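A look at the structure
The primary structure of each chain is shown beneath.
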Amino acid sequence: METFDMKYFASLFILAAIIITGCSNSESVTYVGKTLEYQYGESIYHVTFDSDSEMHWEAVAGDETGAKENENYKAEWVDSQKLFITWVEANGIGVSQILDFENGIVYNHLLRGREVNVGTGKISWIE
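Residues numbered from 1 in each chain as written. Predicted model: local features only at pLDDT ≥ 70, side-chain atom pairs only at ≥ 80, totals over all residues. Heavy atoms only, no water.

What follows covers the overall build of the protein chain. When its secondary structure is counted, the protein chain shows one helix and eight strands. For the protein chain, with 127 residues in total, the buried portion stands at 28%. Considering only residue pairs separated by 6 or more positions, the protein chain has 25% of its internal contacts joining residues 24 or more positions apart. When the accessible surface of the protein chain is totalled, it reaches about 8600 Å², and 55% of it is carbon and sulfur. (Helix = DSSP H or I, 4+ residues; strand = E, 2+ residues; numbered from the N terminus. Buried < 20%, exposed > 50% of the residue type's maximum accessible area, 1.4 Å probe, protein only. Contact = heavy atoms within 4.5 Å. Areas by Shrake-Rupley, 256 points an atom, 1.4 Å probe, with all protein chains shown as cover.)

Turning to its location among the elements, Ile123 is positioned in strand β8 (residues 115–126). A residue is classified by how much of its surface remains accessible, and Ile123, at 10% relative accessible area, is buried. Sequence separation between Ile123 and His46 is 77 residues, and the spatial gap between their C-alpha atoms is 9.7 Å.

For the protein chain, the mean per-residue pLDDT works out to 85, and 79% of the residues sit at or above 70. A low-confidence stretch, residues 8–26 stays under pLDDT 50, and its non-local contacts, those more than four residues away or across chains, total three contacts. (pLDDT = per-residue confidence, 0-100.)

Below, the structure is given as structure tokens:
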């Protein structure tokens, strides 16, 4: 009976390894070194991911045109097409976003003091 149990558990282990490998983020969107355009109504921002922890953004249209900053960020894949990203801007605003590359949507939460503003926008790659 012990031999059967070991073969059974070995088979389960191999099956689990195959499933986990198949669900890995190896198919995730490549974003480092690229620039995204974020559009929130009339406001447009260009966000360039310089590395896996540094990026810079610039407002190119809207009320904040000309504003720009370099940021350190943290990111984690939710799935192969959705990236959770967060950073704190120089002015103290906390930004948390989910970038949905498949549908071209950014889900945005901004934390100013103890107030949270929620919104969505459109994202697209700049070639």
